[in-house]
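# Topology and contacts: notes
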Amino acid sequence: MSLNSTPSANRVHIGFFGCRNAGKSSVVNAVTGQELSIVSDTRGTTTDPVQKAMELLPLGPVLIIDTPGFDDEGHLGQLRVRKTRQVLNRTDVAVLVVDGVEGLRDCDRDLLALFREKNIPYCVAYNKCDLAPVSPAADNELAVSALTGQGIFQLKETIARLAVNEALEPRLVGDLIAPGQLAVLVVPIDGSAPKGRLILPQQQVIRDLLDHHAMAVVTQDTELKDTLNRLGTKPAMVITDSQVFAKASADTPADIPLTSFSILMARSKGLLETAVRGAAAIDSLRDGDTVLISEGCTHHRQCEDIGTVKLPRWLRRHTGRDIRIETSSGSDFPEDLSPYRLVIHCGGCMLPAREVLYRMKCAGDQGVPMTNYGIAIAHMQGILKRSIAMFPDLACLLEH
């Protein structure tokens, strides 16, 4: 991934929902001006969510998601409906496409109830207005025709308005450092590092520092001590990959703030306070307890993969307990968390904040503590207090 491309997690996620044959895919194609989805008169043509990252004026970088009909039937149909429900968890703006000839159906009402339940900004597009006149009854209702283009411009304007109202400026690191100050980033290059590039959190931190007119020096963990000695000035902070937290802490003088990319990502997704509170559950794990280690992306597992190898090893070593480990990745986050004593989540760099917050709420509602990779590692290595010292409101949590 190049440094100037917009990651999917930072794009506004726009989901199109509705019953089969309401014309969702036709409306998607009309809105995007592309043949993004296959269109057919056959009910249920869209069998899996179809998504595309693009620039959509007047909004900017977006991820368009076309979903299967929410009234799909049979065993496969129910699996498709389940996929559609998962899409809702990462949708910033929902568009309900209604067959304007038939009007609202039970399926549409069910979707509207879900939008409201999940607090998703939404609008209703009554399609096929060229065949049946529609009189919208609310500000978020529109009459459109995917065939003639009527109302499509207004639909895009409505989506943009809802998205702007929904958008929150994520806080990563720029507000923690003054213009002209220096941050040292510790990036280990080992067997698990992607060849020829930096991972997304490292890219995003560098960009955020540059956007705030701060400076970044990037070094490996093996050269950190030498780098600090050569600088000639004390950096404002050191930000490290969590996997080398202990070494970075040992090599960084106590008067230099230290944190990790994973902790900053948890902050930007709204998970940080929950993660700090959840870390204490590590010490109460017992033999036979099951821990869910969840990643938001899917990638090829290396021999020393952090989620499936290193974290389980560190957990068992720290607790001295025979702990069971289960993993999930991508969109496959379990709705039922009752089998788990603890959830340890990745930084969530590939997930929109809405989905991370949904997962956090799932855990909270079911009484299951949740933390993240960076916080868990810092806790197990005895440096959690130091790693969150730059956030005084959180540091005081460790005093209680």
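Each remark here, short or long, concerns the structure printed above.
Remember, predicted model here, so these are calculated numbers, not experimental data.

### Section: the overall build of the chain
- Along its length, the chain carries 14 helices and 14 strands.
- At 23 Å, the chain has a C-alpha radius of gyration in line with the 21 Å of a compact globule built from 400 residues.
- For the chain, the C-alpha atoms occupy an extent of roughly 75 × 50 × 40 Å along the three principal directions.
- Partitioning the contacts of the chain with sequence separation of at least 6, the portion at a separation of at least 24 is 71%.
- Of the roughly 18,300 Å² of accessible surface on the chain, a fraction of 51% belongs to carbon and sulfur atoms.

### Looking at unusual backbone geometry
- Positive phi is not limited to glycine here, since Lys128 has a value of about 70 degrees.
- Checked against the element boundaries, Lys128 lands in the loop between β5 (122-127) and β6 (141-143).
- The phi torsion at His213 lies on the positive side, around 60 degrees, for a residue other than glycine.
- For His213, a relative accessible area of 62% corresponds to the exposed category.

### Some details on the sheet that holds strand β12 (residues 324-328)
- Read from one edge to the other, the open sheet built from four strands follows the order β12-β11-β13-β14, with strand pairing classed as parallel. At either margin of the open sheet sits one strand with a lone partner, and together these are β12 and β14 (370-372). Direction aside, the axes of adjacent strands within the sheet are offset by 25 degrees on average.
- For strand β11 (residues 290-294) and β12, the ladder comprises five bridges, and the chain directions are parallel. Directly across from Thr290, in β12, lies its bridge partner Arg324.

### Some details on the packing of aromatic side chains
- The tally for this structure, following the rule as stated, stands at two aromatic pairs.
- Geometrically, the ring pair formed by Phe115 and Tyr122 is tilted, given 5.5 Å between the ring centres and 40 degrees between the ring planes.
- Owing to a relative accessible area of 0%, Phe115 belongs among the buried residues under this scheme.
- A relative accessible area of 17% places Tyr122 in the buried class.
- Every member of this aromatic cluster is reached through a ring pair, and the members are Phe17, Phe115 and Tyr122.

### Some remarks on the pairing of strand β4 (residues 93-99)
- Across the seven residues that make up β4, a large majority, seven, are buried.
- In β4, alternate side chains face the same way, and those of Val93, Val95, Val97 and Asp99 on one face and Ala94, Leu96 and Val98 on the other are all buried.
- Bridge analysis of strand β1 (residues 12-18) against β4 gives five bridges, and the strand direction is parallel. Across the sheet, the residue bridging to Gly18 is Val97, located in β4.

### A few points about helix α1 (residues 24-32)
- Of all nine residues in α1, seven are buried; the element is thus mostly enclosed.
- Buried residues of α1: Lys24, Ser25, Val27, Val28, Asn29, Val31 and Thr32, and no others.
- Gly33 sits one or two residues past α1 and shows a positive phi near 70 degrees.

Cut-offs applied
Residues numbered from 1 in each chain as written. Predicted model: local features only at pLDDT ≥ 70, side-chain atom pairs only at ≥ 80, totals over all residues. Heavy atoms only, no water. Helix = DSSP H or I, 4+ residues; strand = E, 2+ residues; numbered from the N terminus. Rg over C-alpha atoms; globule rule 2.2 N^0.38 Å. Contact = heavy atoms within 4.5 Å. Areas by Shrake-Rupley, 256 points an atom, 1.4 Å probe, with all protein chains shown as cover. Buried < 20%, exposed > 50% of the residue type's maximum accessible area, 1.4 Å probe, protein only. Pairing = 2+ DSSP bridges. Axes fitted to C-alpha atoms, helices over the stretch in contact; angles between N-to-C directions. Phe/Tyr/Trp six-rings, centres within 6.5 Å; stacked < 30°, edge-to-face > 60°.

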